[in-house]
Amino acid sequence: MVAVLKAVEEQGTVYHVKPGGAGQALAVEEFCLWYGAKQALFDVTMAVEKGLVTALIGPSGCGKSTLLRSLNRMNDLIDGLRIGGRIAFGGADIYAPDCDVIALRKRMGMVFQKPNPFPMSIYENVIYPLRVDGINDRRMLAETAERALRGSALWEEVKDRLHESALGLSGGQQQRLCIARAIAGDPEVLLMDEPCSALDPVATSKIEELIEELAGHYTIVIVTHNMQQAARVSDNTAFMYLGKLIEYGETETVFTTPKLEKTQEYVTGRFG
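Residues numbered from 1 in each chain as written. Predicted model: local features only at pLDDT ≥ 70, side-chain atom pairs only at ≥ 80, totals over all residues. Heavy atoms only, no water.

**Points about the pattern of salt bridges**
According to the stated counting rule, one finds 14 salt bridges in the structure shown. Among the salt bridges present, the one from E157 reaches R176, with a minimum N-O distance of 2.8 Å. One end of the pair, E157, is in helix α6 (residues 155-158); the other, R176, is in helix α7 (residues 171-184), and 19 residues separate them in sequence. With a relative accessible area of 33%, E157 lands in the partly exposed category. Note that E164 and R161 form a salt bridge whose closest N and O atoms lie 3.2 Å from each other. Counted as one network, the salt bridges with shared partners bring together E146, R150, E156 and K159. (Salt bridge = Lys/Arg side-chain N within 4 Å of Asp/Glu carboxyl O. Helix = DSSP H or I, 4+ residues; strand = E, 2+ residues; numbered from the N terminus. Buried < 20%, exposed > 50% of the residue type's maximum accessible area, 1.4 Å probe, protein only.)

Pasting the structure below:
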């Protein structure tokens, strides 16, 4: 392990997607993060391209979920958190003192590892972001619910049971409901933290098809342990290891002709 750590420390990131490229949605610049005395992220620099799907891959504990949650400051409530570097969204530093964190999170929908529908009706789950904003116009709420449920490929399955409990849906339907809730507020970015890990293969396939349909309408960043899934759904892939970004580029390049041996070993299943 000492030899591996030394090799990673001495190795610079290999980029196929250039930082600061045209059409970027997010710019991560030499970003570091500490949980107390423990450093979890080391000088991560990457440009997330607008309208594309970017996959974060790497073994457990490599920092990919930490990086994802840093993009909308979901880590803020953790005791002892410190950061260094910069993450820019729309050209503005999201960690600047004057950043409105609530407004930031409205621009970034979040889908978690396990479906987390609220104990209320399907309809109320979807329009919850609008309720929070004080919107009570029935027509607007109904139109938003239908738009979001169609966008999450769930409308035809639930249109006749909107006022039933969301907890009665299957796991895959619950996850698509959570995606509908995330897009109801019309965000610019969708962050997905292993959205299929708790689902069966059929439900996983539906979520992957949905991601392909949503790409272009939203910038999507997805954390996944599933190499085949990353290869299927993403345009760009970032391989992380021991808190560092090791290689970042077009998915086809990263999976078929990576520049680094460590990347090759991971995507071919030799470790992880």
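The structure having been displayed, the exposition proceeds.
**Some words on the packing of aromatic side chains**
The tally for this structure, following the rule as stated, stands at four aromatic pairs. A ring pair is formed by F239 and Y266, whose centres lie 5.1 Å apart and whose planes are at 20 degrees; its orientation type is stacked. A residue pair is termed long-range when its members are at least 10 positions apart, and F239 in strand β10 (residues 236-241) and Y266 in helix α11 (residues 261-267) qualify at 27 residues. A relative accessible area of 0% means that F239 is categorised as buried. What makes Y266 buried here is its relative accessible area of 5%. The aromatic ring of W34 is capped on one face by R82, whose charged end is 4.6 Å from the ring centroid. The cationic tip of R181 hangs over the ring face of F118; the distance from NZ or CZ to the ring centre is 4.0 Å. (Phe/Tyr/Trp six-rings, centres within 6.5 Å; stacked < 30°, edge-to-face > 60°. Lys NZ or Arg CZ within 6 Å of the ring centre and 35° of its normal.)

**Description of the nonpolar core**
Counting 47 residues, the largest nonpolar core has I57 and L149 as its most contacted members. Considering each element in turn, this core owes the most residues, six residues, to α7. Not counting residues up to four positions away in its chain, the partners in contact with I57 are C62, K64, T224, M227, A230, T237, A238, F239, M240, F255, Y266 and V267. Within the second largest apolar cluster, 30 residues are counted, among which are A40, C62, Y95 and M110. (Core = buried A, V, L, I, M, F, W, Y, C linked by side-chain atoms within 4.5 Å. Contact = heavy atoms within 4.5 Å.)

**As for helix α4 (residues 122-132)**
Along an α-helix, a turn takes 3.6 residues, which lines up residues three or four apart on a common side. Taken together, the buried positions of α4 are occupied by I122, Y123, N125, V126, I127 and L130. Elements in contact with the buried residues of α4: α5 (138-151), α6 and α7. Positive backbone phi, at 80 degrees, marks G134, one or two positions downstream of α4.

**Things to note about unusual backbone geometry**
Look at E30: it is not a glycine, yet its phi comes out positive at around 45 degrees. Examined against the element boundaries, E30 turns out to sit in strand β2 (residues 24-35). Positive phi, normally seen in glycine, also occurs at E194, with a value near 50 degrees. Mapped onto the elements, E194 comes out in the loop between β8 (189-193) and α8 (201-214).

**A word on the sheet that holds β10**
Hydrogen bonds along the backbone pair up the strands of a sheet, which may run parallel or antiparallel. Taken in spatial order, the seven strands line up as β1-β11-β10-β4-β9-β8-β7 in an open sheet, and their pairing is mixed. Edge positions in the open sheet fall to β1 (14-15) and β7 (108-111), since each of these has one partner strand only. Each of β7 and β8 is contacted by α7, which is oriented at about 165 degrees to β7, the strand it contacts most. Against the sheet, α8 touches β4 (53-57), β8 and β9 (219-223), its axis set at about 150 degrees to β9. (Pairing = 2+ DSSP bridges. Axes fitted to C-alpha atoms, helices over the stretch in contact; angles between N-to-C directions.)

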